[in-house]
Amino acid sequence: MTNKLASLTFTLVLGTFALGVCDAATAQQAMTEPQVQSQLTAQGYTRVHDLKFKNGMWHAEAKSANGDRVDLRIDAKTGQVYPDRQVSQLSKQDVRASLETQGYTHVHDVEFEDGMWKAKADNPAGNRVKLKIDATNGKVIGTY
């Protein structure tokens, strides 16, 4: 019985130690400054500057794809970006190209407003329509 208790205690101590080592290894795997810079560029941010690590997160200033200046907070482990306000990952040219590949013609008045893109165009049937477009992928999500 004493051997079983000692064995169980040893196993628990070893398991706790292993978990501590894993947590320490995970904590050391925070994204590096070049990785964060690359992540932001891949998500459509430009002119990234003042990239600093503080309070467990990366912080930066940048221009969003639609040209707005934004303050960003970036999760150091996952790279998840938290802008200070809703921004588009697409530029006006990206939205125009997406609409044209979806069959819309005569695309004009492309504007980013309230977290989504809006545009006017002729639909594939030739009818003039006003569109609401997803700011992350350029897909039409409705008409107005």
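Residues numbered from 1 in each chain as written. Predicted model: local features only at pLDDT ≥ 70, side-chain atom pairs only at ≥ 80, totals over all residues. Heavy atoms only, no water.

Caption draft 1: Region of the structure containing the packing of aromatic side chains. What the rule picks out here adds up to two aromatic pairs. Consider the rings of Phe53 and Trp58, whose centres lie 5.3 Å apart with planes at 65°: the pair is edge-to-face. Exposure remark for Phe53: the relative accessible area of 45% places this residue in the partly exposed category. (Phe/Tyr/Trp six-rings, centres within 6.5 Å; stacked < 30°, edge-to-face > 60°. Buried < 20%, exposed > 50% of the residue type's maximum accessible area, 1.4 Å probe, protein only.)

Caption draft 2: Molecular detail of unusual backbone geometry. Residue Arg47 is not a glycine yet carries a positive backbone phi of 50°. Structurally, Arg47 can be placed in strand E1 (residues 46-54). Given the relative accessible area of 65%, Arg47 is considered exposed. A positive phi angle is found at His106, which is not glycine, with a value near 50°. (Helix = DSSP H or I, 4+ residues; strand = E, 2+ residues; numbered from the N terminus.)

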